[in-house]
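Letter by letter, the chains look like this.
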Amino acid sequence: MDITFNTGAGFFIYKVGAIIIHDNKVLMVKSENSPFYYTVGGRANIGETSEAAVLREVYEETNVHFEIDRLAFIHENFYTADFLNNEPCHEIAFYYVMKQSDNIDKIKCTSVGINNYKESLHWLPLSELSNFHLYPEFYKTELQSIQDDGVAHFVTKDGKTRRLR
């Protein structure tokens, strides 16, 4: 069971994402009905750690087993979701950098998105991320020079993102 529930005042969503970088490109997902690219990942299940959730989601979406390198970002996101009847949403997301895989060339999209729309995987050049409509938006700047300097915490509210650390 995905951790998405209606509180009566809006929805709470607990999400995970994978940062898969290879040859100065990041692997992103795009749905056939969406104007933007989004991270490989999805919603955690009840009773599932964020680490287990990201490993499961990565395999479901790429058909390749990856290992986690480290937690890079925590994102608190407040928005209104058209896919949830334009209800307010409070989303908490953990984004993990994944270790390099010897099976990187065997990646293939094996998932579907919301409402069963077909998804596809895309390698986007890190140096050109500003040219793409991405979610989360902070990927455009933060992935340019991602370093192992701890965990960065972002909050997006009223369409504005701020970095707390």
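Residues numbered from 1 in each chain as written. Predicted model: local features only at pLDDT ≥ 70, side-chain atom pairs only at ≥ 80, totals over all residues. Heavy atoms only, no water.

Caption draft 1: Region of the structure containing the pattern of salt bridges. Under the definition given, this model contains five salt bridges. Residue R56 pairs with E57 through a salt bridge whose shortest N-O separation is 3.1 Å. When its relative accessible area of 8% is taken as the criterion, E57 is described as buried. Put simply, E67 and K99 hold a salt bridge, and the shortest N to O gap is 3.7 Å. One end of the pair, E67, is in the loop between helix 1 (50-62) and strand 6 (68-81); the other, K99, is in the loop between strand 7 (87-98) and strand 8 (119-125), and 32 residues separate them in sequence. Each member of the salt-bridge network shares a partner with another, and the members are E48, R56, E57 and E60. (Salt bridge = Lys/Arg side-chain N within 4 Å of Asp/Glu carboxyl O. Buried < 20%, exposed > 50% of the residue type's maximum accessible area, 1.4 Å probe, protein only. Helix = DSSP H or I, 4+ residues; strand = E, 2+ residues; numbered from the N terminus.)

Caption draft 2: Summary view of the packing of aromatic side chains. All chains considered together, the criterion is met by 11 aromatic pairs. A centroid spacing of 5.9 Å and a plane angle of 80° characterise the contact between Y14 and F94, whose relative ring orientation is edge-to-face. Taken as a pair, Y14 in strand 2 (residues 11-19) and F94 in strand 7 lie far apart in primary sequence, 80 residues in all. Comparing Y14 with F94, the two get one shared label, buried. Between Y95 and Y139 the ring centres are 5.8 Å apart and the planes differ by 70°, which places this aromatic pair in the edge-to-face class. Of the two residues, Y95 sits in strand 7 while Y139 sits in helix 2 (residues 139-142), which places them 44 residues apart along the sequence. Since its relative accessible area comes to 0%, Y95 is described here as buried. (Phe/Tyr/Trp six-rings, centres within 6.5 Å; stacked < 30°, edge-to-face > 60°.)

Caption draft 3: Region of the structure containing the nonpolar core. Ranked by internal contacts, the top residues of the largest apolar core, which has 41 residues, are I19, F73 and Y139. Taken together, the elements giving at least two residues each to this core come down to strand 2, strand 4 (25-31), strand 5 (37-43), helix 1, strand 6, strand 7, strand 9 (134-135) and strand 10 (152-157). It is strand 7 that contributes the most residues to this core, seven residues altogether. (Core = buried A, V, L, I, M, F, W, Y, C linked by side-chain atoms within 4.5 Å.)

Caption draft 4: Spatial organisation of helix 1. A rise of 1.5 Å per residue sets the reference length of helix 1, with its 13 residues, at 18 Å; its end C-alpha atoms lie 18 Å apart and thus fit the reference within 8%. For helix 1, the set of buried residues is S50, A53, V54, E57, V58, E61 and T62. One side of helix 1 holds all its buried residues, which, seen down the axis, span an arc of 130°. Looking one or two residues past helix 1, N63 carries a phi angle of roughly 65°, positive in sign. (Expected span 1.5 Å × (residues − 1). Arc of directions from axis to C-beta.)

Caption draft 5: Local environment of unusual backbone geometry. Residues Y135 and P136 are joined by a peptide bond in cis, for which omega reads 0°. Looking at where P136 falls in the secondary structure, it is placed in the loop between strand 9 and helix 2. Its identity as a non-glycine residue notwithstanding, N24 has a phi of 60°, on the positive side. Mapped onto the elements of the fold, N24 is located in the loop between strand 3 (21-22) and strand 4. The backbone of D158 sits at a positive phi, close to 55°, despite the residue not being glycine. Counting through the fold element by element, D158 comes out in the loop between strand 10 and strand 11 (160-163).

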